[in-house]
Amino acid sequence: MNTTPLKLLLVDDQDLIRESLHIVLDMDPDIHVVGLAENGHIALKQCEEQQPDVVLMDIHMPVMDGVEATRQIKATWPQIRVIILTTFQEISYVVDALGAGAEGYLLKAIHPKDLAAGIKWVHQGGTLIPQDIARMLVMQAKGAADHSSPSQGAGAKAMEEVRADAYGLSEREVQVLHCIADGLNNREIAEKLFLSEGTVKNYISSIYSKMDVRDRVQASKKAHEEGML
C-alpha cells in the first residue's frame with residue numbers, strides 16, 4: 001500500500017484563509033502541503049516546480065482567477081486534479097470551473113474533516129459537487145435538453161449523466177447509495193469513501209428522505225427499479 005502523502009497546493013488570495021488551510025490540512029498524515037499561492041499566475045509556477053497531486057483553488061483572485069488558472073493547469077498537467085474552494089454559489093462559476101477541467105467544487109463553509117476527505121477522494125479519482133450545486137446543474141442540463149433537437153446528442157447525454165440525480169441526490173449521495181446496494185455497512189462505506197461514520201449516517205438519512213424510503217432494502221430496490229444503479 002502506498003503510504004506517501006498526497007502533495008497539495010493551496011491557492012487563495014486571502015492570507016488568513018491560505019494559512020489556516022495550510023495548518024489544518026498539513027495536520028493530516030495523508031496530506032502534505034507543498035506550496036501556497038495568492039493568485040493563479042503564481043499557482044502555475046508552483047505547479048511547474050512542485051508537481052502537486054491536487055490543487056485547492058479559489059475563484060476570485062487578482063492577476064489570474066481560479067477558472068483561468070484551472071484551465072491552464074489542466075492543459076499543461078492533466079494529471080493534476082483541481083478542486084475549486086470558494087464562497088460563491090452562482091451557477092456560472094460552477095459551470096466555468098467544471099468546464100475548465102476542475103474535478104470538484106466545494107464551499108468554504110465545509111467542515112475541515114470533510115474537506116480533507118474530499119481532497120483524498122478526488123486524489124483517488126473521484127469528483128465532488130455539493131448537493132445544492134448539483135441540483136442547479138441538473139436543472140440547467142434539463143433546460144439544455146428541452147431546447148435541443150433530437151438530432152443533437154449533447155442534451156441527451158447530459159440527461160443520461162444526471163439520471164441518477166432524479167431524486168435530487170448529490171453525487172456523493174449516489175456513491176453512498178451504490179455502497180448500500182453493494183451491501184456495505186456504515187463503517188465500510190466510511191472507509192471506502194474516506195468519510196466519518198457520522199457523515200455517512202447523515203448522507204443515508206438524506207437519501208431515505210429524498211427517495212421516500214424507510215431502509216436500505218427499499219432504497220436499493222427503488223434505485224434498481226429506477227435504473228439508477
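Residues numbered from 1 in each chain as written. Predicted model: local features only at pLDDT ≥ 70, side-chain atom pairs only at ≥ 80, totals over all residues. Heavy atoms only, no water.

A separate point is helix H9 (residues 186-193). Taken together, the buried positions of H9 are Asn186, Ile189, Ala190 and Leu193. The buried side chains of H9 occupy one side of the element, clustering within an arc of 100 degrees when seen end-on. Turning to H9, the residues buried within the fold contact helix H5 (112-123), helix H8 (171-181), helix H10 (197-211) and helix H11 (216-225). A side-chain oxygen of the first residue of H9 lies 3.1 Å from the backbone nitrogen of Arg187; this N-cap is Asn185. Two residues or fewer past H9, Phe194 is found with a positive phi of approximately 60 degrees. (Buried < 20%, exposed > 50% of the residue type's maximum accessible area, 1.4 Å probe, protein only. Helix = DSSP H or I, 4+ residues; strand = E, 2+ residues; numbered from the N terminus. Arc of directions from axis to C-beta. Contact = heavy atoms within 4.5 Å. Polar contact = N/O pair within 3.5 Å; in protein donor to acceptor, adjacent residues only side chain to side chain.)

One pass over the full model with this rule turns up 9 salt bridges. Glu191 is the salt-bridge partner of Arg187, the closest N and O atoms lying 3.2 Å from each other. Remark: Glu191 and Arg187 occur in helix H9; sequence separation between them is 4 residues, near one turn of the helix. (Salt bridge = Lys/Arg side-chain N within 4 Å of Asp/Glu carboxyl O.)

With that settled, the discussion passes to the pairing of strand E4 (residues 81-86). With 6 of its 6 residues buried, E4 lies for the most part within the structure. Of the two faces of E4, the one holding Arg81, Ile83 and Leu85 and the one holding Val82, Ile84 and Thr86 are both buried throughout. Here strand E3 (residues 54-57) pairs with E4 via 4 bridges, running parallel. Each residue of the ladder has a partner; that of Met57, found in E4, is Ile84. (Pairing = 2+ DSSP bridges.)

Along the chain, Lys120 falls in helix H5. Its relative accessible area of 15% is what places Lys120 among the buried residues. Separated by 74 residues in sequence, Lys120 and Phe194 have C-alpha atoms that sit 7.2 Å apart. Not counting residues up to four positions away in its chain, the partners in contact with Lys120 are Leu6, Asp28, Asp30, Ile31 and Phe194.

A word on helix H1 (residues 15-26). Taking 1.5 Å per residue as the helical rise, H1 with its 12 residues ought to reach 16 Å, and the 16 Å between its terminal C-alpha atoms agrees with that figure. Where H1 is concerned, the buried positions are Arg18, Leu21 and Leu25. Down the axis of H1, the buried side of the element spans an arc of 70 degrees, and every buried residue falls inside it. Those residues of H1 that are exposed and aimed more than 90 degrees away from the buried face are Leu16 and Ile23. Residues of H1 that are buried in the fold lie against strand E1 (6-11), strand E2 (31-37), E3, E4 and H5. (Expected span 1.5 Å × (residues − 1).)

Here Phe194 shows up in the loop between H9 and H10. A sequence separation of 76 residues divides Phe194 from Gly118, and the C-alpha atoms of the two residues are 7.6 Å apart. Discounting chain neighbours no more than four positions away, the residues touching Phe194 are Ala117, Lys120, Trp121 and Gln124.

Moving on, we come to the packing of H1 against H5. When two helices pack together, their arrangement is captured by the angle between the axes and the distance separating the axes. Where H1 meets H5, the axes come as close as 10 Å, and the angle between the chain directions of the two elements is 75 degrees. Taken together, the axes of H1 and H5 are roughly perpendicular relative to one another. Side by side, H1 and H5 meet where Leu21, Val24 and Leu25 of the first sit next to Pro112, Leu115, Ala116 and Ile119 of the second. In terms of residue class, the contact of H1 with H5 is made up of 7 nonpolar, no polar and no charged. (Axes fitted to C-alpha atoms, helices over the stretch in contact; angles between N-to-C directions. Parallel < 35°, antiparallel > 145°, perpendicular 65-115°, else oblique. Nonpolar A, V, L, I, M, F, W, Y, C, P; charged D, E, K, R; others polar.)

Attention now moves to the nonpolar core. Ranked by size, the top nonpolar core spans 39 residues in total, and within it Leu8, Leu25, Leu56 and Ile119 carry the most contacts. In terms of residue count, H5 provides more of this core than any other element does, 6 residues in total. Excluding anything up to four places from it in sequence, Leu56 contacts Leu8, Leu9, Leu10, Val11, Leu21, Leu25, Ile83, Leu85, Leu115 and Ile119. Counting residues in hydrophobic clusters, the runner-up holds 22 residues, among them Leu9, Ala43, Met61 and Val94. (Core = buried A, V, L, I, M, F, W, Y, C linked by side-chain atoms within 4.5 Å.)

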